[in-house]
Amino acid sequence: MADTPLCSVPFSEINFMSAGISPCCFSKAQPLELTDAIDTNTIESSKSFQYLQKALISDMLPAWCESCAKVEAVGGQSMRLRRQYPKDAGIKLLTIFLNNLCNLTCVMCSPQNSSSHTMPDGSKVIYDTQMRTTVIKRVIIENAHTLRTLIFSGGEILIDPVVFNFLNDPEMKDIFRSLDLINITTNASGMYYRKQEYLDLLRDFNNVQFTISIDGSLQGTLETIRKGIVAQKFDCATRELLT
């Protein structure tokens, strides 16, 4: 049995996504339903995690992993190649989706990931954010001794009080400060909603990195794709996040 499996992601990462809990945010594995009874053991014992782990220890890349296989087929660096850990390294990274609150209606997005979009019947997708918060905190605490990275996605993180309160929880701050990286994916325009609050909070951690979503540098391109954004304000917010 190899010390390092063909892919380390299902052994070292847990992805809390809009659809549920997945061993990899790029695979087509069936997500585990998120319920209030979930803990690390439940997740790692689930069918998707077990199937991928057994396959990858046997040096087999399942059909679920075709996105990485396609990247590698043209000489690219897939997620599989970028993230390699020994199989017993423990949970190193969590991807966290808490809520879909968003100020934009981007053309490529969906009601599951943006509250500005609606379902065909006009309804909104609403998440049990209290339950999600409770479960995700539980898993973070269970893995605090090995956890190194948190990646937050939404929704628009910088306007969401659910995410702000999650990060501002006094019981969790020592864990958050101990991490190597807290990555926040943002459309940057959210800076103008809770600007000073968020800046003060995030500066307290000294380990925050922003991934800024952008589609082209031209005003027309940006405003057409990310409906609701104002290019000039986006530019100013981006500069502020980077300084």
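Residues numbered from 1 in each chain as written. Predicted model: local features only at pLDDT ≥ 70, side-chain atom pairs only at ≥ 80, totals over all residues. Heavy atoms only, no water.

Concerning the state of the cysteines
- Tallied over the entire structure, the rule returns zero disulfides.
- Not part of a disulfide, Cys68 finds its nearest cysteine sulfur in Cys24, a span of 5.9 Å.
- Under the relative-accessibility criterion, Cys68 is labelled buried at 10%. (Disulfide = S-S within 2.5 Å. Buried < 20%, exposed > 50% of the residue type's maximum accessible area, 1.4 Å probe, protein only.)

Examining empty space enclosed by the protein
- The full count for this structure, using the stated rule, is one cavity of 30 Å³ or more.
- Its boundaries defined by the atoms lining it, the largest cavity holds a volume of some 90 Å³.
- In terms of lining, the largest cavity is formed by 14 residues, of which the most central are Cys7, Cys24, Ser27, Cys65 and Cys68.
- Listed by contribution, the elements that provide at least two residues to the lining of the largest cavity are α1 (9-12), α3 (47-57), α4 (66-73) and α5 (79-82). (1 Å grid on protein atoms, 1.4 Å probe; cavity = no way out; pocket = protein on both sides within 12 Å on 5 of 7 lines; lining within 4 Å. Points joined across faces, edges and corners; volume = space filled by probe spheres on them. Helix = DSSP H or I, 4+ residues; strand = E, 2+ residues; numbered from the N terminus.)

Let's talk about the side chain of Asn183
- Mapped onto the secondary structure, Asn183 falls in strand β5 (residues 181-186).
- Exposure remark for Asn183: the relative accessible area of 6% places this residue in the buried category.
- Looking at Asn183, its side chain comes within polar contact range of the side chain of Thr211, at 3.0 Å.
- Discounting residues that sit within four places of it in the chain, Asn183 has contacts with Leu150, Ile151, Phe152, Gln209, Phe210 and Thr211. (Polar contact = N/O pair within 3.5 Å; in protein donor to acceptor, adjacent residues only side chain to side chain. Contact = heavy atoms within 4.5 Å.)

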